[in-house]
Amino acid sequence: MKERPYMKRNTLKITLGSLGIAAMLALAGCGDSGSSPKTAEGEPKPSTEGGAKKDYTVGFSQIGAESGWRSAETKSVQDEAEKRGVHLKFSDAQGKQPNQIQALRSFITQKVDVIFLAPVVETGWDPVLREAKRAGIPVILLDRGVKVSDDSLWTTELTSDFVEEGRRAGEWLGKKMGGKGNVVELVGTVGSSPANDRHTGFMKAMEAFPGIKITHSQTGDFTLVKGKEVMEAFLKSDQNIQAVYAHNDEMGLGAIQAIAEAGKVPGKDILVVSVDAEKQGLEAVRDGKINCAVECNPLLGPGAFDAAEAILAGKKVEKRIISKEEIFDSTNVAAALPNRKY
Ligand code: AHR
């Protein structure tokens, strides 16, 4: 097996501050990987900017486009590749793990230099990640985590603290409800790390509010359409719902529609708390339809390429690089909205 520079172990710290600055720079870019500079042979043109290694190829296996959040993450990665002149091979898995595994195998066959993987679910990655490791290709996890027998199968993870997001949502809602009432939960994709962790964090917060019951909990697969369908079913079967906890804004927005169509006022008759704080979610907070949105940052492109270049230069990167995030409600949403980029 050929020795690659990233196999050597030095130390590099990527700060959250640098991630934030890079994220802002990424937003100034546009277009996608297809328009990266190419040689006459169609090969990516090495960039001379900055002195860092630019003539490398990244294979990015994305989950799909189930939410505005997901599309913002894709754009962040594509824009950053464009900006740096890195060749990006992009694969949309349409929400299916077998498609992601197939994409990874194709990236390995094509001998990409680095793989970015946003894994749809946590488990089932051991064999293909072992194949990547055997081929000497480092894997960078984007936003979601994996559960594998050996954590050396992936190099670093750029993510959010999903447990903390759930805990913040629960704490905010528990206080708002005065510690009593019935909550329904719209769960994300079954088996995904944000669905598992946001549930765990929320339940942890609920320990302080024994008077609150989670009366229904069902997946809406992180989409508006399914979130709406599930909320409609909850409302048909139960007249005694005081609040909804949606694992993302899309499902929260679907729940709002279902609540309104059932003749109730979202945000008043039934409280709504969601995660992501994407622009549409914040607009709903401004309009009083979502009461609280917990932030989850999708702008991971700049940090991902910083990590890729550090790894390719033989430097060690932190195992988990966690975004700094906030929480929005009626008290601070007006200030946040004009700057919202996703
Ligand atoms: O993995 C992050 C989650 O995935 C986001 O909260 C959600 O909107 C997306 O689909």
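Check the entry above for the structure.
A quick note: this is a predicted structure, and the numbers were derived from the prediction, not measured.

Enquirer: Looking at this model, I keep getting lost on the sheet that holds strand β4 (residues 139-143). Mind explaining?
Expert: Think of a sheet as strands paired side by side through backbone hydrogen bonds, with each pair either parallel or antiparallel. With respect to topology, six strands assemble into an open sheet ordered β2-β1-β3-β4-β5-β11, the strand pairing being parallel. Of all the strands in the sheet, just β2 (87-92) and β11 (320-322) have a single pairing partner and so form its edges. Here the average twist between neighbouring strands, direction ignored, is 15°. The pairing of strand β1 (residues 57-62) with β2 spans six bridges and is parallel. Bridge pairing links F60 to F90 in β2. Strands in contact with helix α2 (residues 68-84) are β1, β2, β3 (114-117) and β4; relative to β1, the strand with the most contacts, it is inclined by about 175°. In the packing of helix α3 (residues 97-109) onto the sheet, contacts are made with β1, β2 and β3, and the angle to β1 comes to roughly 170°.

Enquirer: I would appreciate a short explanation of the side chain of R70 in the present structure.
Expert: By the secondary structure assignment, R70 is in helix α2. A relative accessible area of 1% places R70 in the buried class. Here D143 takes part through its side chain, which lies 2.8 Å from a polar atom of the side chain of R70. With residues near it in sequence (within four places) discarded, R70 still touches Q62, I63, G64, A65, A118, D143 and R144.

Enquirer: I tried to follow the packing of α2 against helix α10 (residues 301-312) on my own but got confused; where do I start?
Expert: The description of two helices packed together rests on the angle between their axes and the distance between the axes. For the pair α2 and α10, the least separation of the axes is 8 Å and the interaxial angle reads 55°. Here α2 is positioned oblique relative to α10, judged by the angle of their axes. α10 is crossed by α2, and the crossing has right-handed handedness. Contacts from S76, V77, E80, A81 and R84 in α2 reach G301, P302, F305, D306 and E309 in α10.

Enquirer: I would appreciate a short explanation of helix α5 (residues 162-176) in the present structure.
Expert: Three- or four-residue spacings in an α-helix give side chains the same orientation, since the helix completes a turn every 3.6 residues. Relative to the 21 Å expected for 15 residues at 1.5 Å per residue, α5 spans 21 Å between its end C-alpha atoms, a close match to the ideal helical length. Buried within α5 we find F162, E165, G166, A169, G170, W172, L173 and G174.

Enquirer: Any chance you could explain the sheet that holds strand β9 (residues 271-276) here in plain terms?
Expert: A sheet is described by the order of its strands in space; here six strands give the open sequence β7-β6-β8-β9-β10-β12, paired in mixed fashion. Here the strands that pair on one side only, and so sit at the sheet edges, are β7 (212-219) and β12 (327-329). Strand-to-strand twist in this sheet, taken as the mean axis angle between neighbours without regard to direction, amounts to 20°. Strand direction decides the pairing type here: strand β10 (residues 292-295) and β12, joined by three bridges, are antiparallel. Looking across to β12, one finds that A293 is bridged to F328.

Procedures and definitions
Residue positions are given per chain, counting from 1 as you read along its sequence in written order. Given that the model is predicted, a residue must reach a pLDDT of at least 70 before its local features are reported, and side-chain atom pairs must reach 80 or more before they are shown or counted; all residues, however, enter totals for whole chains, interfaces and linings. The basis for the side-chain values is all heavy atoms of the structure; hydrogens and waters are excluded. The criterion for strand pairing is that DSSP finds at least two bridges linking the strands in question. Segments assigned H or I by DSSP are reported as helices when at least four residues long, segments assigned E as strands when at least two residues long, and all are numbered from the N terminus. Fitted lines through C-alpha atoms serve as axes, helices being fitted only where they are in contact, and the angles separating the N-to-C directions of these axes extend from 0 to 180 degrees. By the convention used here, residues are in contact when the closest approach between their heavy atoms is within 4.5 Å. Only protein chains enter the accessibility calculation, which uses a 1.4 Å probe; a residue is then buried when its area is under 20% of its type maximum, exposed when over 50%, and partly exposed in between. We define a polar contact as two N or O atoms separated by no more than 3.5 Å, with the added condition that, inside protein, one atom must be a possible hydrogen donor and the other a possible acceptor, whereas residues neighbouring each other in sequence contribute only through side-chain atom pairs. Each angle is binned into one of four classes, with values under 35 degrees roughly parallel, values over 145 roughly antiparallel, values of 65 to 115 roughly perpendicular, and all other values oblique. Here a crossing is taken to be left-handed if its near helix is turned anticlockwise relative to the far helix by less than a right angle, and right-handed if that turn runs clockwise. Each helix should span, by expectation, one fewer than its residue count multiplied by 1.5 Å.

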